[in-house]
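Read off the chains here:
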Amino acid sequence: REQFGRLLKLLVLILLGASYLGVVLMPDRAIHQVHDLYEPRLAGDWRGIFNHKNTAAPAMVVLCFISLYAMRTGRRAAWAAMAVLAIVFPWKAGGKTALGLFPVTLLLAFLVTRRPLLGAAALVATMAVIGTLTIGSALSPGIHEFLAGHGIDATFTARTDIWQIALEAAGRQPLLGYGFGSFWGSDMLLNSPHSEYSWAVNAWHAHNGYIEVLLSGGVPALALTALWLVVLPLRDVAAARRRGADPALTTLFTRIWVFSILYTFLENALFTGTGPIWASLLVAVFGLRQQARGFLIVERGKAEGRP
């Protein structure tokens, strides 16, 4: 546990330090520029050492969670400062989704770790609301108008165009999907009628991890993903609480897990094979399973939690 904590702290110092140094010393590389080839409209948004501001923002939120965990292990003032620096970065990166989910994640993680049944209900309800408002905006004119009437970008930065194409295609292959990485960029999509009027045929992915899974493996893959990434971690958090596992570590893993499964409603963060959110989610899910079932070896021949 102590070694893991030191590794996490080193991770924060390297990634946070390198990103801020990049903004100060190499702004042409660490900040999106107006002459960027693909997305000049992002000029001024920080990205640090990451390739895109939408990668940097959620990664910094995860670093903030780690800093909050480090505060409980000593040097509170120093790690509080790190937490502040980590959460300022998404603001400068224009990461509205990551910033908006930050307080929601703190609240849900608190409920899940302290009141498992209430927390589970709150988490599922939150996922249902986010799914209804985001995906629903692409399918229902009423939801679209409701969001627009409250000053919210009802297209979620033009994502609804992508979701409409993806959901229509998923409806044609609901049981098997199209295979992982086989839909976007395919001749079937680029030669479809959508190519005549929608820019979204050129998207690289669905910008929604759950829709992407549905496209890739159909309803069975989506159901198995929900079981693995929602149901089982909820069970593991409750089990970790019952057996008295380290609450600080359980809270850290829970925060990263909750944030990741909520964030993936607006970005494709599942089964990507790379990226800070996918990697963090894997560590968090694995960590929660260890908190629920594993035993920490404290000295030769003895294990924490056993007689």
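Residue numbers restart at each chain and count upward from 1, following the sequence in its written direction. Whole-chain, interface and lining totals are the exception, using all residues; otherwise, since this is a predicted model, local features are given only for residues with pLDDT of at least 70 and side-chain atom pairs are given and counted only at 80 or more. Hydrogens are left out, water is left out, and the side-chain values use all remaining heavy atoms of the structure.

A. Layout of the overall build of the protein chain. Runs of H or I in DSSP of at least four residues are treated as helices and runs of E of at least two as strands, each being numbered from the N terminus. The helix and strand inventory of the protein chain stands at twelve helices and two strands. Taken over the C-alpha trace, the protein chain has a radius of gyration of 21 Å; the compact-globule value for 307 residues is 19 Å, and the two agree within 12%. Each principal axis of the C-alpha distribution contributes one length, and for the protein chain these read about 65 × 50 × 35 Å. In short, Shrake-Rupley with a 1.4 Å probe defines the accessible areas, and a residue's cover is counted only from the protein chains shown. With an accessible surface of roughly 15,800 Å², the protein chain has 64% of that area assigned to carbon and sulfur atoms. One finds the centroid of the 26 positive side-chain charges in the protein chain at a distance of 17 Å from the centroid of its 17 negative side-chain charges. When we talk radius of gyration, it's over C-alpha atoms, and the globule rule is simply 2.2 Å times the number of residues to the 0.38. Only four residue types enter the charge count, namely Lys and Arg as positive and Asp and Glu as negative; His and the chain termini do not. We put the charge of a Lys on NZ, of an Arg on CZ, of an Asp on CG and of a Glu on CD.

B. A nonpolar patch on the surface, seen in detail. A cluster of nonpolar side chains, contributed by Leu-21, Val-24, Leu-25 and Met-26, occupies part of the molecular surface with about 440 Å² of accessible area. With respect to the secondary-structure elements, Leu-21 resides in helix 1 (residues 2-25). By definition, no residue in a patch forms a salt bridge, and every one has over 30% relative accessible area; like charges are joined within 9 Å, nonpolar side chains (Val, Leu, Ile, Met, Phe, Trp, Tyr) within 5 Å. By convention in these notes, a salt bridge is any Lys or Arg side-chain nitrogen within 4 Å of a carboxyl oxygen on Asp or Glu.

C. Looking closely at helix 1. To estimate how far a helix should extend, the number of its residues minus one is multiplied by 1.5 Å. End to end, helix 1 covers 34 Å across 24 residues, agreeing with the expected 34 Å (1.5 Å per residue, within 8%). Exposure is judged per residue with a 1.4 Å probe applied to protein chains only, and the accessible area is read against the type maximum: over 50% gives exposed, under 20% gives buried, and values in between give partly exposed. The complete set of buried residues in helix 1 reads Gly-5, Leu-8, Val-12, Leu-16, Ser-19, Tyr-20, Gly-22 and Val-23. Looking at the buried residues of helix 1, the elements they touch are helix 2 (27-30), helix 3 (53-71), helix 4 (76-93) and helix 11 (247-263). In what follows, residue pairs with any heavy atoms lying within 4.5 Å of each other are defined as contacts.

D. Fine view of a positive patch on the surface. Together, Arg-72, Arg-76, Arg-114, Arg-115 and Arg-241 make up a positively charged patch on the protein surface. Tracing the chain through its elements places Arg-76 in helix 4. Here Arg-76 falls in the exposed class, since its relative accessible area comes to 54%.

E. A look at the packing of aromatic side chains. Two aromatic rings, drawn from Phe, Tyr or Trp (for Trp, its six-membered ring), form a pair once their centres lie within 6.5 Å of each other, and the interplanar angle then sorts them: stacked below 30 degrees, edge-to-face above 60, tilted otherwise. Using the criterion set out here, one finds 13 aromatic pairs in the structure. Ring plane angle 80° and centroid distance 5.4 Å describe the contact between Tyr-20 and Phe-89, whose orientation is recorded as edge-to-face. A residue pair is termed long-range when its members are at least 10 positions apart, and Tyr-20 in helix 1 and Phe-89 in helix 4 qualify at 69 residues. Per residue, the accessibility class of Tyr-20 equals that of Phe-89, and both read buried.

F. Structural context of the nonpolar core. The set of buried Ala, Val, Leu, Ile, Met, Phe, Trp, Tyr and Cys residues whose side-chain atoms join them within 4.5 Å is what this entry labels a nonpolar core. Formed by 66 residues in total, the largest nonpolar core has its most connected members in Leu-123, Trp-257, Phe-259 and Ile-261. Contributions of two or more residues to this core are made by helix 1, helix 3, helix 4, helix 5 (96-114), helix 6 (116-139), helix 10 (209-242), helix 11 and helix 12 (276-293). No other element matches the 13 residues that helix 3 contributes to this core. Excluding residues within four positions of it along the chain, Ile-261 makes contact with Leu-123, Met-127, Tyr-210, Leu-229, Val-230 and Leu-281. Counting 23 residues, the second largest nonpolar core, distinct from the first, contains Ile-135, Ala-138, Leu-189 and Leu-214.

G. Spatial organisation of the confidence of the model for the protein chain. pLDDT is a per-residue confidence score from the predictor, ranging from 0 to 100. Across the protein chain, the average pLDDT comes to 88, with 94% of residues at 70 or higher. Taken element by element, the protein chain is modelled with least confidence in strand 2 (residues 302-303), mean pLDDT 53, and with most confidence in helix 11, mean pLDDT 96.

H. Focus on unusual backbone geometry. Positive phi values are uncommon outside glycine, yet His-207 reaches one of about 55°. In this structure, His-207 sits in the loop between helix 9 (187-190) and helix 10. Non-glycine residue Phe-271 carries a positive phi angle of around 55°. Tracing the backbone through its elements, the reader meets Phe-271 in the loop between helix 11 and helix 12. Owing to a relative accessible area of 34%, Phe-271 belongs among the partly exposed residues under this scheme.

I. The arrangement of the environment of Gly-179 in detail. Tracing the backbone shows Gly-179 in the loop between helix 8 (159-172) and helix 9. On the basis of relative accessible area, Gly-179 is assigned to the partly exposed category, the value being 23%. When the C-alpha atoms of Gly-179 and Gly-217 are compared, they prove to be 5.9 Å apart, with 38 residues separating the residues in sequence. Those residues within four positions of Gly-179 in sequence are excluded, and the remaining contacts are Leu-215 and Ser-216.

J. Region of interest: the environment of Ala-166. Structurally, the position occupied by Ala-166 is in helix 8. The exposure class assigned to Ala-166 is buried, which follows from its relative accessible area of 0%. If near-sequence neighbours (up to four positions away) are discounted, Ala-166 is found in contact with Trp-184, Ile-211 and Leu-215.

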